[in-house]
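Spelled out from the first residue to the last, the chains are:
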Amino acid sequence: MTIPFLILAAPTIAGIAAAMYLRNLVHCILALTLGFAGLAALYLQLDAQFVGFTQILVYVGAVAILAVFAIMMTRSAGPMAQPVFSSSWIKGGCVAGAVFAVLAWAIYRSATSLKMLPPQPEVAVRQIGDALMHRFVLPLEIMGLLLTAALIGAVLIAMQEKPEMQ
Amino acid sequence: MTPETIDRIFIIWKHWLLSYAPAGVQPLFSALLSVVPVLAVFPLLFAITTVLERKGLGRIQNRYGPNRVGPYGFFQPIADGVKSLTKEDVVPRTADQAVHFLAPLLLVAAAFLAYAVLPVGRNMVVANLNAGVLFFFAVGSLVELAVFMAGWSSRNKYSLLGAMRAIAQMISYEVPLVLASVVVIMAAGSLSTVTIVNMQASYTGIWPHWFVFTPWGFVGFVLFMIAATAEANRSPFDLPEGESEIVAGYYIEYSGFKFALFFLGEYLGMFATSGMAITLFLGGWAAPFSFLTWVPSYFWFFAKLLVLIAGFIWVRGTLPRLRMDQLMNFAWKFMLPMTLLNIFVAGTWHFMAAGSVRWLVCAVLIFAPSVLLALGLEKGKKKIAARTYRFAE
Amino acid sequence: MSSLTSYLLLSSLLFSIGLAGALTRRSAILVLIGIELMLNAANLNFIAFWRYGPDPAALTGTMFAIFSISVAAAEAAVGLGIILAVYRHSKTTDLDQMNSMKG
């Protein structure tokens, strides 16, 4: 592990861990954005410029703001009186810990063949566009359909129901 | 000195300064030399703009504006700066201290980051990123977060209302803002701001190849500027800080230097989006006529920027504030369909042979629906009778 | 540039934190965020494998990450819409109190 990696990984982990364990929901979201920004920086370090900027645009600019709106509209900002963890938190924590142990064990056992870093790929945004329009055009269209469906669905679900006439 | 030397003078100075740095720190030093001018020039422009804006608004409203400090009141920004620096920094007792402190810093940092991809002159850009336009919009979305932090952490109903209004407005207008710039990306085939400007820096006869001189480019520019006005929370879209309803919106609980930082961040955001509009539609640093190319490129960028700022001031002095539902309806029912249609027109333009037929078809395709859409949206509304002034007579 | 192993370890840690959050928090919003974090961990894996893989020019990993980000955005929008609808119905976002199928 090199120093730049650690500099980027530490705030990412810290932000995301804080997002999951802080009491105040708004603080959680703010810590989460730090984690998302750290992830974007990691993408940049991996020479994936387009994905890194998309990550910031979508997660910090849209998902975090959506979550903020949800918090405001459900009046759940501010410190909560009840405990923040659900009644089955021991079981959940154990499952998560076991998952991490298994994954870490598998990674240490297997990832030996890919130690060498290949030369930096010359990836222009244009190539991503070309790939989206040729090789991945069907997934792209399905994605457009999915996003439209999600847009309409989300509006329909969240729409204020008209009080029924008696 | 030849015009070329004057055009390159900042680059020459940078190389000259760089030659004094030891080899080990040269990359760092080079980055510093690129960033520091941006950190110096645009706040200076902010200072000049505040006084110009107050004087311009004063003229529009039939008064003098600031005229006490210095010649014609032009040292007013210094007085303002001293005042905001020496004022007491009041933080509400119930405020969320850390978030309250971080919000103005994040706002200003995000605003400054946006300048990294703006080419202010030939070969004068901090970072020529491959996905420069995307970077610009990604950084712009950080502003929403800063606004929310400011509004929420103040524990004030007015500031929270202002923040929620601001976020709703910024998200709604970010969609047309991005879609309006898509036409340029389609035409240039690149997300790099430098490539986009280079494509516009050629001439037919004396006329430049700016994208604004095409039907889709003109409509795109107008839509972009409307969305940029809303993104910068400026009149007539200044509901988030509508002083007659919610006092000062999301920064009501800020005082002293933090308030000045909000002010700075807001103007820097406005300059950045204007700079982006210049880069995308108005040819960036390119001269408006081929016989004026001897004028240094950075002069043209800042001249265009000042013209756009004058436009912002004019609009602010002229138009009344919108209502919230009008604002949202305008974004989703007019701006969004028009930007989508504009993308279609840009595609048509691309696939038709060059000539006057292409011009006619594309102009009809974009202007006829815009008029029809505007008329259709007007149709359902109640007609408001001309106001009668009962007391003025 | 660090080795692939460190990126994979980081992403598995992110995945586990997200899983722990999704399984243990009471607030429905944070459970949704935990799921988003798990998707993000998968994205990091895609990008890391793309970068260290044998053929980066094919862009498969990048494409996967881009599609995954769009799916995550759709998921967040629908999920938060459902949370709003549930809140309107039962006046709570506490998952421990949402224990009946009948409203």
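Quick caveat, the model's predicted, so the values are computed rather than measured. (Residues numbered from 1 in each chain as written. Chains lettered and ligands numbered in written order. Predicted model: local features only at pLDDT ≥ 70, side-chain atom pairs only at ≥ 80, totals over all residues. Heavy atoms only, no water.)

Engineer: What exactly am I supposed to notice about the overall build of chain A here?
Structural biologist: Within chain A, the regular secondary structure consists of six helices and zero strands. The order of helices and strands in chain A, counted from the N terminus, is α-α-α-α-α-α. Looking at chain A alone, contacts between residues at least 24 apart form 54% of all its contacts between residues at least 6 apart. (Helix = DSSP H or I, 4+ residues; strand = E, 2+ residues; numbered from the N terminus. Contact = heavy atoms within 4.5 Å.)

Engineer: I keep staring at the overall build of chain C and nothing clicks. Help me out?
Structural biologist: Secondary structure summary: chain C contains three helices and zero strands in total. Mapped from its N terminus to its C terminus, chain C presents α and β elements in the order α-α-α. Each of the three principal axes of chain C carries a C-alpha extent, and together these read 55 × 25 × 20 Å. Across the 103 residues that make up chain C, the buried fraction comes to 63%. As presented, chain C carries roughly 3600 Å² of accessible surface, and 69% of it is formed by carbon and sulfur atoms. Both charge centroids of chain C, one from 6 positive and one from 5 negative side chains, sit 11 Å from each other. (Buried < 20%, exposed > 50% of the residue type's maximum accessible area, 1.4 Å probe, protein only. Areas by Shrake-Rupley, 256 points an atom, 1.4 Å probe, with all protein chains shown as cover. Lys, Arg positive; Asp, Glu negative; His and termini not counted. Charge placed at Lys NZ, Arg CZ, Asp CG, Glu CD.)

Engineer: Got a minute to help me understand the interface of chain A and chain B in this structure?
Structural biologist: For interface size, the figure often reported is the accessible area lost on association. With 22 residues of chain A at the contact, the number on the chain B side is 25 residues. Here chain A and chain B share zero salt bridges between them. Mapped by element, the contributors of at least two residues to the side of chain A that touches chain B are helix H2 (25-45), helix H3 (49-73) and helix H5 (125-133) of chain A. When residues in the side of chain A that touches chain B are grouped by element, the largest group, twelve residues, is from H3(A). Split into classes, the residues belonging to the side of chain A that touches chain B amount to 15 nonpolar, six polar and one charged. (Salt bridge = Lys/Arg side-chain N within 4 Å of Asp/Glu carboxyl O. Nonpolar A, V, L, I, M, F, W, Y, C, P; charged D, E, K, R; others polar.)

Engineer: Teacher, can you tell me more about the arrangement of the chains here?
Structural biologist: The chain pair with the greatest number of contacts, out of two pairs of chains in contact, is formed by chains A and C. No interface is formed between chain B and chain C, the nearest pair of C-alpha atoms being 14 Å apart.

Engineer: Looking at this model, I keep getting lost on the packing of H2(A) against helix H2 (residues 28-52) of chain C. Mind explaining?
Structural biologist: Packed helix pairs are characterised by how far apart their axes lie and by the angle those axes make with each other. Axis separation between H2(A) and H2(C) bottoms out at 11 Å; the angle between their running directions is 5°. One element, H2(A), and the other, H2(C), form an angle in the roughly parallel class. Where H2(A) approaches H2(C), its residues A:Leu25, A:Cys28, A:Ile29, A:Leu32, A:Phe36, A:Leu39, A:Leu42 and A:Tyr43 are matched on the opposing element by C:Leu30, C:Ile33, C:Leu37, C:Asn40, C:Asn43, C:Leu44 and C:Ile47. Residues belonging to the contact of H2(A) with H2(C) are distributed by class as follows: 13 nonpolar, two polar and no charged. (Axes fitted to C-alpha atoms, helices over the stretch in contact; angles between N-to-C directions. Parallel < 35°, antiparallel > 145°, perpendicular 65-115°, else oblique.)

Engineer: What am I meant to see in the environment of A:Gly93 here?
Structural biologist: Relative to the helices and strands, A:Gly93 is located in helix H4 (residues 89-110). Once the C-alpha coordinates of A:Gly93 and A:Val137 are considered, the two residues, 44 residues apart in sequence, prove to be 41 Å apart.

Engineer: Explain helix H1 (residues 4-24) of chain C here, please?
Structural biologist: Since the α-helix packs 3.6 residues into each turn, any two residues three or four apart lie on the same face. If you check H1(C), its first and last C-alpha atoms are 30 Å apart, about what 21 residues at 1.5 Å a residue would give, namely 30 Å. The buried fraction of H1(C) is high, at 18 of 21 residues. (Expected span 1.5 Å × (residues − 1).)

Engineer: Hey, could you run me through the interface of chain C and chain A in this one?
Structural biologist: In this complex, chain C contributes 71 residues to the contact, which on the side of chain A involves 86 residues. Between chain C and chain A, the buried area comes to about 7000 Å², and carbon and sulfur atoms account for 77% of it. Broken down residue by residue, the surface that chain C buries against chain A is led by C:Arg25, C:Arg51 and C:Phe67, which jointly contribute 10%. At the junction of chain C and chain A, the tally comes to one salt bridge. Here C:Arg51 makes a salt bridge to A:Asp47, at a shortest N to O gap of 2.7 Å. At the junction of chain C and chain A, the tally comes to six residue pairs in polar contact (both at pLDDT 80 or more). Looking at the side of chain C that touches chain A, the elements that each hand over two or more residues are H1, H2 and helix H3 (60-90) of chain C. With 23 residues, the single largest contributor to the side of chain C that touches chain A is H3(C). For the side of chain C that touches chain A, the residue count by class is 44 nonpolar, 20 polar and seven charged. (Buried area = accessible area lost by both parts, 1.4 Å probe. Polar contact = N/O pair within 3.5 Å; in protein donor to acceptor, adjacent residues only side chain to side chain.)

Engineer: It is not clear to me how the nonpolar core should be interpreted in this structure. Could you clarify?
Structural biologist: Note on soluble globular proteins: their nonpolar side chains tend to be buried together. Within the largest apolar cluster, 176 residues are counted, with the highest numbers of intra-cluster contacts made by B:Phe42, B:Tyr115, B:Phe224 and B:Phe271. Among the elements that take part in this core, helix H6 (residues 132-153) of chain B stands out by supplying 16 residues, more than any other. Summarising the domain contributions, this core has at least three residues from each of domain 1 (1-80) and domain 2 (122-160) of chain A. If sequence neighbours within four positions are ignored, B:Phe271 has contacts with B:Phe42, B:Leu45, B:Phe46, B:Thr49, B:Tyr115, B:Leu305 and B:Ile309. (Core = buried A, V, L, I, M, F, W, Y, C linked by side-chain atoms within 4.5 Å. Domains from an automatic or database assignment.)

Engineer: It is not clear to me how the domain arrangement of chain A should be interpreted in this structure. Could you clarify?
Structural biologist: On domain assignment, one finds that chain A holds domain 1 (1-80) and domain 2 (122-160). Relative placement of domain 1 of chain A and domain 2 of chain A: their C-alpha centres are 23 Å apart.

Engineer: Teacher, can you tell me more about the pattern of salt bridges here?
Structural biologist: Note on pairing: side chains with opposite charge can pair once their charged atoms come close. All names here are of chain B. Inspection of the entire model under this criterion finds six salt bridges over all chains. Between Glu53 and Arg234 there is a salt bridge, with the nearest N and O atoms lying 2.7 Å from each other. Here Arg234 lies in the loop between helix H9 (215-231) and helix H10 (243-246) and Glu53 lies in helix H3 (residues 26-60), a separation of 181 residues in the sequence. Pair check on accessibility: Glu53 and Arg234 agree, each one buried. Between Arg54 and Asp80 there is a salt bridge, and its shortest N-O distance comes to 3.1 Å. Taken together, the positions of Arg54 in helix H3 and Asp80 in helix H4 (residues 76-86) put the pair 26 residues apart, joining distant regions of the chain.

Engineer: Help me understand helix H7 (residues 157-188) of chain B, please; the structure alone is not making it clear to me.
Structural biologist: All names here are of chain B. Along its 32 residues, H7 runs 46 Å from first to last C-alpha, staying within 8% of the 46 Å computed at 1.5 Å per residue. Helix geometry: H7 is bent most strongly at Glu174, by close to 25°, with proline Pro176 lying one to four residues after it. Sitting at the amino-terminal end of H7 is Asn156, which places a side-chain oxygen 2.8 Å from the backbone nitrogen of Tyr158. Among the residues trailing H7, Gly189 stands out with phi positive, at a value near 65°. (Bend = angle between axes of the 7 residues up to and from the residue.)

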